[in-house]
Amino acid sequence: MKLRSGAILGAFASAGLAVACCIVTHSEHASMMHQQNIIVWEPDTGTEHFIRKAKFETKAHDLGFIAPTPSIPKMEEVDGEAFDTLESACDAFQAAGPPTAGTGGSPAASKVDVFQEVEVAGYNAVTLKATDAKGLADWMALHGFATTASIQTWTEFYIRKGWYLTAFKVNVNDGRAETGLVKMSFKTEKPFNPYYVPADNIPSPDKREGLAVYFVSSGVYGPEGEHPSFRPSVAAPLRSEDLEKLKGQLKLPTLPKNATVTAFTDRTFPNGANDDLYFVQTSPPPEWPKERPITAGPGPDTPEGSSESFPIIAVITAALVAIGCALLWRFRM
């Protein structure tokens with residue numbers, strides 16, 4: 001599902017977009033309003049697949065985004081119906097009842113290295129690595145991005161960590177923009193969800209609509225450390241039909257063994273946090289509730305010991321014995 005706008009001016013206010021860890025414009029303020037993310041973590045290969053839908057508010061004529069990753073990401077357009085698949089899986093599991101188990105310093109010289117440039121889902125995306133925030137700000141100015149003191153503080157945080165930054169610009173053709181969802185796949189020691197947002201992108205508390213994350217992996221995962229506002233709402237094992245849908249929607253050949261989706265919500269986001277969220281496994285996969293066998297027995301108003309309290313099997317056995325006796329009597333006659 002792609003998103004269209006008639007013009008770049010104010011076109012993306014209250015629209016869902018693929019990636020938006022840091023919003024940059026030339027002149028106008030832009031605020032992050034709401035996010036929905038999917039994280040698929042493959043522990044055997046140390047690979048994270050990250051998909052984001054974002055909603056924001058701005059009157060800017062132009063928009064760009066910067067997304068941080070610990071390694072060079074592979075980018076691919078995917079189907080937004082994946083969010084519906086995971087939401088339905090969580091709803092079905094909750095409706096089924098309780099489960100039976102589980103729930104360094106900067107270098108002296110300024111330098112920006114570009115590692116890839118791709119066109120994906122209506123964006124021009126450039127992955128780069130910088131040695132200092134000032135050098136990155138100069139590169140951004142040369143390539144149609146603007147920056148502020150707040151954004152430079154944000155970029156400096158990831159530059160010190162040695163991470164890559166992928167800058168997205170919306171492609172505009174004949175005054176129209178058309179964008180889709182982007183999957184970023186990358187290697188990482190620990191799965192994470194971008195949580196640190198530049199101060200310039202944080203709206204007033206009354207306009208914040210929060211964050212929703214669907215985390216898919218082998219077993220139940222939770223945030224590392226104390227994050228009282230980032231709460232799990234349900235952990236549901238994915239059934240075979242959900243797995244097949246999700247693989248197609250996210251263009252993944254496989255999903256983690258015993259794949260479980262853990263859903264999280266955070267109504268305070270973005271909230272001025274100065275680091276990202278990292279995840280650790282907290283318990284094995286839950287199981288669907290086992291169906292209770294139907295047995296005959298005394299009803300709620302039947303006294304024990306009455307003839308109505310016999311199990312069905314006893315009634316059937318008695319009938320068979322009676323039939324056998326009748327046949328034997330006729331044979332002997």
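Quick caveat: nothing in here was measured; it's all calculated off a predicted structure. (Residues numbered from 1 in each chain as written. Predicted model: local features only at pLDDT ≥ 70, side-chain atom pairs only at ≥ 80, totals over all residues. Heavy atoms only, no water.)

(A) Spatial organisation of the overall build of the chain. When you go through the chain residue by residue, the secondary structure sums to 5 helices and 18 strands. Within the chain, the fraction of its 333 residues that count as buried is 47%. Summing over all exposed atoms, the chain offers an accessible surface of approximately 16,800 Å²; the carbon and sulfur share of this is 55%. (Helix = DSSP H or I, 4+ residues; strand = E, 2+ residues; numbered from the N terminus. Buried < 20%, exposed > 50% of the residue type's maximum accessible area, 1.4 Å probe, protein only. Areas by Shrake-Rupley, 256 points an atom, 1.4 Å probe, with all protein chains shown as cover.)

(B) Structural context of helix 2 (residues 133-142). For helix 2, every residue scored as buried is listed here: Ala133, Gly135, Leu136, Ala137, Trp139 and Met140. Backbone nitrogen of Lys134 and a side-chain oxygen of the N-cap are separated by 3.0 Å at the start of helix 2; the cap is Asp132. Immediately beyond the C-terminal end of helix 2, within one or two residues, lies Gly144, with a positive phi of roughly 85°. (Polar contact = N/O pair within 3.5 Å; in protein donor to acceptor, adjacent residues only side chain to side chain.)

(C) Quick look at the nonpolar core. With 47 residues, the main nonpolar core has Leu136, Phe168 and Val182 as its most contacted residues. Counting 23 residues, the second-largest nonpolar core is a separate cluster that includes Ile38, Val40, Leu238 and Leu250. (Core = buried A, V, L, I, M, F, W, Y, C linked by side-chain atoms within 4.5 Å.)

(D) View of the packing of aromatic side chains. Under the criterion given, the structure shown has 20 aromatic pairs. Between the aromatic rings of Tyr123 and Phe168, the centroid separation amounts to 5.7 Å while the plane-to-plane angle is 85°, which identifies the pairing as edge-to-face. Of the two residues, Tyr123 sits in strand 8 (residues 123-130) while Phe168 sits in strand 9 (residues 164-170), which places them 45 residues apart along the sequence. There is no split in this pair, since Tyr123 and Phe168 are both buried. Summarising the aromatic geometry, the rings of Phe157 and Tyr158 are spaced 4.9 Å apart at their centres and angled 85° between planes, so their arrangement reads as edge-to-face. (Phe/Tyr/Trp six-rings, centres within 6.5 Å; stacked < 30°, edge-to-face > 60°.)

(E) Geometry of the pairing of strand 14 (residues 210-218). Across the 9 residues of strand 14, 8 count as buried, placing the element largely inside the fold. Summarising the sheet, strand 14 and strand 17 (residues 259-266) pair through 8 bridges and their orientation is antiparallel. Across the sheet, residue Ser217 finds its bridge partner in strand 17, namely Thr260. (Pairing = 2+ DSSP bridges.)

(F) Structural view of the packing of helix 1 (residues 81-95) against helix 4 (residues 240-250). Relative to each other, helix 1 and helix 4 sit at 160°, their axes nearing to 9 Å. Classified by the interaxial angle, the pair formed by helix 1 and helix 4 is roughly antiparallel. The handedness of the crossing between helix 1 and helix 4 is left-handed. Two secondary-structure elements touch here, helix 1 through Glu81, Ala82, Thr85, Leu86 and Ala89 and helix 4 through Asp242, Lys245, Leu246, Gln249 and Leu250. Residue composition of the contact of helix 1 with helix 4, grouped by class: 5 nonpolar, 2 polar and 3 charged. (Axes fitted to C-alpha atoms, helices over the stretch in contact; angles between N-to-C directions. Parallel < 35°, antiparallel > 145°, perpendicular 65-115°, else oblique. Left-handed = near helix turned anticlockwise from the far one by under 90°. Contact = heavy atoms within 4.5 Å. Nonpolar A, V, L, I, M, F, W, Y, C, P; charged D, E, K, R; others polar.)

(G) Representation of the environment of Ala259. Note that Ala259 resides in strand 17. Assessed through its relative accessible area of 5%, Ala259 is described here as buried. In this structure the C-alpha to C-alpha distance between Ala259 and Val216, which are 43 residues apart in sequence, comes to 6.3 Å. Setting aside anything within four residues of it in sequence, one finds Ala259 in contact with Val216, Ser217, Pro237, Leu238 and Leu243.

(H) Expanded view of the side chain of Glu42. Residue position: Glu42 is located in strand 3 (residues 30-42). Buried charge without a salt bridge: Glu42, with Lys187 as the nearest opposite-charge side chain at an N-O distance of 6.7 Å. At 3.0 Å, the side chain of Glu42 forms a polar contact with the side chain of His49. When residues no more than four places from it in sequence are discounted, the contact partners of Glu42 are Thr47, His49, Thr254 and Pro256. (Lys, Arg positive; Asp, Glu negative; His and termini not counted. Salt bridge = Lys/Arg side-chain N within 4 Å of Asp/Glu carboxyl O.)

(I) Seen up close, helix 3 (residues 149-161). The end-to-end C-alpha separation of helix 3 is 19 Å, in line with the 18 Å expected for 13 residues at 1.5 Å each. Every buried residue of helix 3 is listed here: Ser150, Ile151, Trp154, Thr155, Glu156, Phe157, Tyr158 and Ile159. Once helix 3 finishes, Gly162 follows within two positions and takes phi at roughly 75°, a positive value. (Expected span 1.5 Å × (residues − 1).)

(J) Geometry of the confidence of the model for the chain. Averaged over all residues, the pLDDT of the chain is 78; the fraction at 70 or higher stands at 68%. For residues 1-20, every residue scores under 50 in pLDDT, and the model assigns this stretch 73 contacts once sequence neighbours within four places are set aside. Below pLDDT 50 for its whole length, residues 102-108 participates in 11 contacts with residues either more than four positions away or in separate chains. (pLDDT = per-residue confidence, 0-100.)

(K) Fine view of the environment of Asn37. The residue Asn37 is located in strand 3 in this model. When the C-alpha atoms of Asn37 and Phe83 are compared, they prove to be 8.3 Å apart, with 46 residues separating the residues in sequence. When near neighbours in sequence (up to four residues on either side) are disregarded, Asn37 contacts Phe50, Ile51, Arg52, Lys53, Phe83, Asn193, Leu211, Ala212, Val213 and Tyr214.

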